[in-house]
Structure formats: structure tokens, C-alpha cells
Amino acid sequence: MTTVIEAIQLPEALEPVRAVALSTGLSYAGGVPPQLAWELVQSGQATLVDVRTAEERKFVGHVPGSVHVAWASGTSMTRNPRFVRELEAKTSKNAVLLLLCRSGKRSDLAADAAAKAGFTRVFNVLEGFEGEIDEQQHRGGLGGWRSYNLPWVQD
């Protein structure tokens, strides 16, 4: 049986990513490395959606031109019950969406929720904006958008 995601054309670079997602039973279209995410955004083939909190974007930095739809908010990281509605209001269910958080974990959850709500071409940006925590308990050195020197700004 052909699923909706298979019937809709993806950018060529995302075809192998989608094939892996399908073979592993992932609910959303797949995981994309930060460098590929930037190439797709730069070429106009995808929209980057930052799902971090407003505070993270302001104080840690963000990718210029990214769309912001918080998955959670506050220090307790309370789940945003309007996430899908806000995503629908700011994007299209058929657009190629690349979801970015701090480490790739929240964006994984957000991509799953978006896919279950009918977003057909939603991807998780692997490693997130800051990557994993290193042995000194710091982020920013072990993967992530910033460690690859991809464009970002800080308020």
C-alpha cells in the first residue's frame, strides 16, 4: 500500500532519508543532518521550524529566517497544547518542514505529533541546534547546528 508521503515528491536529497524512515517504521519522514538541512533551506526546498522555547531562541541563538513554533515552554517545559494548530497556521501540511530543537529530542517528538496530525513531509534535524552534552557538561561541541558553523544569530 502506498502512503501519502510516498505519493508526494520530495527533494532528491531527502529520498534516502525517507527510505530509512519507512524501513524503520518511523512515523514521520526521517532524520536530516544539520548540513543537509541548511542546504535544503538555502535552496528554498524546505522550511526550518525551530521548536525550542522563545527563551532558548533569544539567549542561545537561532537560525535567521526560521519559523518559530514552540513545542514546550517555561522552565518546566510544559507541552504546548496548540503546537499542531500553530504549525498549521505558520506552514503547510504538504511543505517540507525541518524541525529543530536543542539536541534533536524534542524535535523528534514534535515531528511525530506533526506527522500524526497529517503533515506529510516533516523531518527532524538530527543533533539539534547545540548537540549533545560533552564530558564537561557543555553543549555546542558535540554535533549540532552551531558546531558545523552553520548560520545563526543571537539577540
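See the structure above.
First things first, this report covers the structure right here in the doc. This structure is a prediction, so every number in the text was calculated from the model and none was measured.

**Structural notes on helix α3 (residues 34-42)**
So, step 1. Looking only at α3, the buried set comprises Pro34, Leu36, Ala37, Trp38 and Leu40.
So, step 2. Close packing links the buried residues of α3 with α2 (15-24), β1 (31-32), β6 (97-100) and β7 (122-125).

**Quick word on the packing of aromatic side chains**
So, step 1. Here the structure, examined in full by the defined rule, presents 3 aromatic pairs.
So, step 2. Note on Trp71 and Phe83: the rings are 5.1 Å apart at their centroids and 80° apart in plane angle, and the pair reads as edge-to-face. Pair noted here: Trp71 is in the loop between β3 (67-68) and β4 (72-73) and Phe83 is in helix α5 (residues 83-90), with a separation of 12 residues, a long-range link.
So, step 3. Residue classification places Trp71 among the buried positions, given a relative accessible area of 9%.
So, step 4. Centre to centre, the rings of Phe129 and Trp152 are 5.9 Å apart; their planes meet at 90°, and the pair counts as edge-to-face. Placement of Phe129 in the segment after β7 and of Trp152 in the segment after β7 is noted, with a sequence separation of 23 residues between them.
So, step 5. Sitting over the face of the ring of Trp152, Arg146 holds its NZ or CZ atom 4.7 Å from the ring centroid.

**What to know about the pairing of β7**
So, step 1. Taking every second residue as pointing to the same face, both faces of β7 are buried, with Val122 and Asn124 on one and Phe123 and Val125 on the other.
So, step 2. Relative to β7, β1 runs parallel, the two sharing 2 bridges. The partner of Gly31 across the bridge, within β7, is Asn124.
So, step 3. Strand direction decides the pairing type here: β6 and β7, joined by 3 bridges, are parallel. The residue of β7 that forms the bridge with Leu99 is Asn124.
So, step 4. The handedness of the β6 to β7 crossover, carried by helix α6 (residues 105-116), is right-handed.

**With respect to the nonpolar core**
So, step 1. Counting 20 residues, the largest nonpolar core has Leu14, Val32, Leu98, Phe123 and Trp145 as the members making the most contacts within it.
So, step 2. For this core, the element with the highest residue contribution is α3, accounting for 4 residues.
So, step 3. Discounting chain neighbours no more than four positions away, the residues touching Val32 are Leu14, Val17, Ala37, Leu98, Phe123, Asn124, Val125 and Leu126.

**Here we look at the sheet that holds strand β2 (residues 47-50)**
Through backbone hydrogen bonds, the strands of a sheet pair up, either in parallel or in antiparallel fashion.
So, step 1. Spatial ordering of the open sheet is given by β1-β7-β6-β2-β3, a layout of 5 strands whose pairing is parallel. Pairing within the sheet leaves two strands with one partner each, and these edge strands are β1 and β3.
So, step 2. Most of the contacts of α6 go to β7, to which it runs at about 175°, and overall it touches β6 and β7.

**Things to note about unusual backbone geometry**
So, step 1. Residue Met77 is not a glycine yet carries a positive backbone phi of 55°.
So, step 2. With respect to the helices and strands, the residue Met77 is situated in the loop between β4 and β5 (78-79).
So, step 3. Classification of Met77 by relative accessible area gives partly exposed; the value is 35%.
So, step 4. The phi torsion at Asn149 lies on the positive side, around 55°, for a residue other than glycine.
So, step 5. As for its position among the elements, Asn149 is in the segment after β7.

What counts and what doesn't
Residues numbered from 1 in each chain as written. Predicted model: local features only at pLDDT ≥ 70, side-chain atom pairs only at ≥ 80, totals over all residues. Heavy atoms only, no water. Buried < 20%, exposed > 50% of the residue type's maximum accessible area, 1.4 Å probe, protein only. Helix = DSSP H or I, 4+ residues; strand = E, 2+ residues; numbered from the N terminus. Contact = heavy atoms within 4.5 Å. Phe/Tyr/Trp six-rings, centres within 6.5 Å; stacked < 30°, edge-to-face > 60°. Lys NZ or Arg CZ within 6 Å of the ring centre and 35° of its normal. Pairing = 2+ DSSP bridges. Right-handed = clockwise from strand over helix to strand, strands pointing away. Core = buried A, V, L, I, M, F, W, Y, C linked by side-chain atoms within 4.5 Å. Axes fitted to C-alpha atoms, helices over the stretch in contact; angles between N-to-C directions.

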